[in-house]
Amino acid sequence: MWVLLVLVVLVGLWVVSAYNGLVSLKNQAANAFKQIDVQLKRRHDLIPNLVNAVKGAMDFEKSTLEAVVNARNVAMKAEGVKQVSQAENALSGALSRLLVTVERYPQLKATGNIGQLQEELASTENRIAFARQLYNDTATQYNTKQQQFPTTLVAGLAHAERTDLWEIEDQAERAVPQVDLSSR
Amino acid sequence: MIGFVLFFAWLGFGADYIWWLEGGHPFPWLGIAMATSAALGVWYAYKTGPEKVLWSTGATELTDPRTDAERQLANVVDEMAIAAGVPRPRVWIIPDDDPNAFATGHDMSDSHIAVTRGLLALCNRDELQGVIGHELGHVKNLDIRLMTMLAALVGAVLLVRDGMGRTMSGSKSRKSKNAGPLIAALLALWVLSWIFAPLVIQLLALAVQRGREYLADAMSAQFTRNPLALASALAKIEAADAPTAAIKRGAAHLCIADPLGRRFTNREGWLADRFATHPPMSMRISRLKGMGYAELKKAAQAPA
């Protein structure tokens with residue numbers, strides 16, 4: 001009789017802790033997803049400043065700058081995960097082309113603005129990449145947890161559902177542009 | 001922390017016992033006083049630890065980055081905070097030419113990362129990322145709280161010991177009048193504990209510490225996905241052999257690399273294992289390289 005009671009209490013405690021673990025992971029994943037948004041928004045806000053800063057020095061590369069501005073405007077209007085990720089990937093591509101262009105003109109690097117621009121661009125891209133990485137890591141942890149036995153038994157109770165990972169569809173985006181940023 | 005309070009209680013109650021054996025007062029005033037002051041000390045160290053540690057290194061906060069290197073540091077810290085999923089720590093710069101870095105603070109939402117100017121000059125962006133990732137690993141594991149308290153406590157014990165030593169030498173002649181062998185032995189043991197007090201605290205600190213370094217290295221690799229960059233940063237830090245003058249003994253175990261001239265950190269073995277604040281650098285680098293090559297291998301096998 002006592003053994004049974006102890007068993008029931010133990011199982012109850014386990015259910016509570018597994019349930020709470022799942023809920024906590026779910027919220028962490030949601031928060032990490034929001035972080036990507038925050039970083040994308042930051043990039044949108046940054047681009048006008050960056051473009052203004054180099055406009056004068058880069059008169060001869062107007063098209064590259066325009067491509068960046070256009071991609072940014074498209075990305076700001078995009079809605080839904082699929083559209084957003086496509087537009088953002090296009091913006092990343094435009095920005096990396098801008099970086100490559102800057103690299104092609106060593107005399108540009110002499111101006112203080114350009115060095116700063118490179119650092120800011122690299123940092124912005126890194127922030128987005130790291131935010132994605134955190135989201136994917138957390139989401140993977142969440143997905144794994146809810147599929148594993150015995151946590152899977154309480155997954156329904158906690159309304160746990162598989163979350164999608166943030167994937168890079170564009171093949172060109174997958175190939176990281178090699179930009180030498182070491183100023184030392 | 002409990003060990004620390006108990007140790008102090010032993011120091012205090014031991015004194016009472018010896019006094020009592022000699023026919024002194026019956027109530028353990030000293031023991032209670034010592035235990036209370038130890039508890040107070042722990043609380044005080046917890047409250048003011050991070051400030052004290054930063055102050056002792058002469059660090060200044062980086063609020064308004066001016067040079068390229070400073071801007072890069074601020075950006076890298078932001079990036080790694082995103083990767084680690086922790087609130088952005090405050091950034092401090094230590095005016096010292098030797099490369100080193102440490103993290104301190106109470107918890108994830110109140111953390112500080114300090115790096116020396118030497119580190120900024122020595123490392124490229126990727127390597128800096130690795131180092132900051134390592135420090136944020138400490139932040140995320142909450143190592144910083146324990147390590148900072150230990151740093152503050154080691155300092156406090158040294159201070160108290162020096163003060164006690166002075167009072168004791170004044171009252172020595174009176175005590176040894178009719179001391180039986182038991183009292184003599186106890187007294188000797190008690191005095192020895194005082195002499196070794198800093199050492200005991202240090203050993204406590206070290207016991208917790210060394211495993212955490214490997215863990216923080218691994219977490220840095222998880223955040224940056226680039227363990228080889230941290231390995232090369234560690235190799236560079238190791239090669240710059242001058243001790244970090246700005247970082248004193250008390251804060252040594254907070255740093256990414258032992259700032260005290262690396263007496264033990266280069267060797268392995270029992271003695272080194274007990275006394276070094278950090279695992280041997282060569283071991284850390286080889287573990288990181290192991291991670292790096294495993295990743296390269298995986299990438300090579302994966303369908304492109």
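Note that this is a predicted model, so its numbers are computed, not measured.

1. Focus: the overall build of chain A
Link 1 in the chain: A count of helices and strands for chain A gives 7 helices and 0 strands.
Link 2 in the chain: Put simply, chain A runs from its N terminus to its C terminus through helices and strands in the order α-α-α-α-α-α-α.
Link 3 in the chain: Per-residue burial for chain A yields a buried fraction of 26% across its 184 residues.
Link 4 in the chain: For chain A, the proportion of contacts with a sequence separation of at least 24, taken over those separated by at least 6, is 75%.

2. Some points on the environment of A158 of chain A
Link 1 in the chain: Tracing the backbone through its elements, the reader meets A158 of chain A in the loop between α6 (152-155) and α7 (171-174).
Link 2 in the chain: For A158 of chain A and G21 of chain A, which are 137 residues apart along the polypeptide, the C-alpha to C-alpha distance reads 9.6 Å.

3. Regarding the environment of N136 of chain A
Residues and elements named next belong to chain A.
Link 1 in the chain: Mapping N136 onto the fold places it in helix α5 (residues 112-147).
Link 2 in the chain: A count of 18 C-beta atoms within 10 Å places N136 in the partly exposed class.
Link 3 in the chain: Note: C-alpha distance between N136 and D164 (28 residues apart in sequence) is 8.5 Å.
Link 4 in the chain: With residues up to four places along the chain from it excluded, the contact list for N136 reads L165 and W166.

4. A word on the interface of chain A and chain B
Link 1 in the chain: On the side of chain B, 11 residues touch chain A, which itself brings 16 residues to the contact.
Link 2 in the chain: Going through the elements one at a time, α1 (2-55) and α5 of chain A are the ones with two or more residues in the side of chain A that touches chain B.
Link 3 in the chain: When residues in the side of chain A that touches chain B are grouped by element, the largest group, 9 residues, is from α5 of chain A.
Link 4 in the chain: Its residues assigned to classes, the side of chain A that touches chain B shows 5 nonpolar, 8 polar and 3 charged.

5. Details of the sheet that holds strand β3 (residues 101-107) of chain B
Residue and element names in this part refer to chain B.
Link 1 in the chain: Strand order in the open sheet formed by 4 strands is β1-β2-β4-β3, and the pairing between neighbours is mixed. In this open sheet, the two edge strands, each paired with only one partner strand, are β1 (60-61) and β3.
Link 2 in the chain: Strand direction decides the pairing type here: strand β2 (residues 90-94) and strand β4 (residues 110-116), joined by 5 bridges, are parallel. Pairing of I94 across the sheet is with T116, part of β4.
Link 3 in the chain: Across the sheet, helix α5 (residues 125-140) lies against β3 and β4, angled at about 25° from β3, the strand it touches most.

6. Concerning the pairing of β3 of chain B
Along a regular strand, successive side chains alternate from one face of the sheet to the other.
Residue and element names in this part refer to chain B.
Link 1 in the chain: For β3, the buried fraction is high: 5 of the 7 residues fall into the buried class.
Link 2 in the chain: Pairing geometry for β3 and β4, over 6 bridges, is antiparallel. Along β4, the bridge assignment pairs G105 with S111.

7. Some details on unusual backbone geometry
Link 1 in the chain: The linkage connecting F149 of chain A with the following residue, P150 of chain A, adopts the cis geometry, with an omega of 5°.
Link 2 in the chain: Secondary-structure assignment places P150 of chain A in the loop between α5 and α6.
Link 3 in the chain: With a phi close to 55°, R225 of chain B is a non-glycine residue in the positive phi region.
Link 4 in the chain: One can find R225 of chain B in the loop between α8 (181-224) and α9 (227-239).
Link 5 in the chain: By the C-beta count within 10 Å, which is 15 here, R225 of chain B ends up partly exposed.

8. Description of the packing of α5 of chain B against α9 of chain B
Packed helix pairs are characterised by how far apart their axes lie and by the angle those axes make with each other.
All names here are of chain B.
Link 1 in the chain: At a closest axis distance of 8 Å, the pairing of α5 and α9 adopts a crossing angle of 90°. The pairing of α5 with α9 is recorded here as roughly perpendicular in orientation. Of the residues in α9, those touching α5 at D126, E127, Q129, G130, V131, G133 and H134 are A229, L230, S232, A233 and K236.
Link 2 in the chain: Residue composition of the contact of α5 with α9, grouped by class: 4 nonpolar, 5 polar and 3 charged.

9. Quick notes on the packing of α1 of chain A against helix α2 (residues 62-77) of chain A
Residues and elements named next belong to chain A.
Link 1 in the chain: Contact pair α1 / α2: the axes reach a minimum separation of 10 Å and the direction vectors enclose 165°. Between α1 and α2, the interaxial angle falls into the category roughly antiparallel. For α1 against α2, the interelement crossing comes out left-handed. From α1, H44, I47, V51 and K55 reach across to α2, where they touch L65, V68, V69, R72, A75 and M76.

10. Re the pairing of β2 of chain B
Link 1 in the chain: Two elements, β1 of chain B and β2 of chain B, share 2 bridges in a ladder whose sense is antiparallel. Paired with T60 of chain B across the two strands is I93 of chain B, which belongs to β2 of chain B.

11. So, helix α3 (residues 68-84) of chain B
Residues and elements named next belong to chain B.
Link 1 in the chain: An ideal rise of 1.5 Å per residue puts 24 Å on 17 residues; α3 measures up with 24 Å between its terminal C-alpha atoms.
Link 2 in the chain: Extensive coverage of α3 is indicated by the burial of 12 of its 17 residues.
Link 3 in the chain: Looking one or two residues beyond α3, the residue adopting positive phi is G85, at roughly 70°.

12. Structural notes on the nonpolar core
In globular proteins that are soluble, nonpolar side chains generally tend to be buried together.
Link 1 in the chain: Of all hydrophobic cores here, the largest spans 63 residues; its most connected members are M80 and V131 of chain B.
Link 2 in the chain: No other element matches the 8 residues that α3 of chain B contributes to this core.
Link 3 in the chain: Beyond its immediate stretch of four places on either side in the chain, V131 of chain B contacts A101, L119, C123, L230, A233 and I256 of chain B.
Link 4 in the chain: One finds I47, L50, A71 and L95 of chain A within the second-largest nonpolar core, a separate group that totals 14 residues.

Thresholds applied
- Residues numbered from 1 in each chain as written.
- Chains lettered and ligands numbered in written order.
- Predicted model: local features only at pLDDT ≥ 70, side-chain atom pairs only at ≥ 80, totals over all residues.
- Helix = DSSP H or I, 4+ residues; strand = E, 2+ residues; numbered from the N terminus.
- Buried ≥ 20, exposed ≤ 12 C-beta atoms within 10 Å, placed from the backbone.
- Contact = placed C-beta atoms within 7 Å.
- Nonpolar A, V, L, I, M, F, W, Y, C, P; charged D, E, K, R; others polar.
- Pairing = 2+ DSSP bridges.
- Axes fitted to C-alpha atoms, helices over the stretch in contact; angles between N-to-C directions.
- Parallel < 35°, antiparallel > 145°, perpendicular 65-115°, else oblique.
- Left-handed = near helix turned anticlockwise from the far one by under 90°.
- Expected span 1.5 Å × (residues − 1).
- Core = buried A, V, L, I, M, F, W, Y, C linked by C-beta atoms within 7 Å.

On their own, these measurements won't tell you what the molecule is for.
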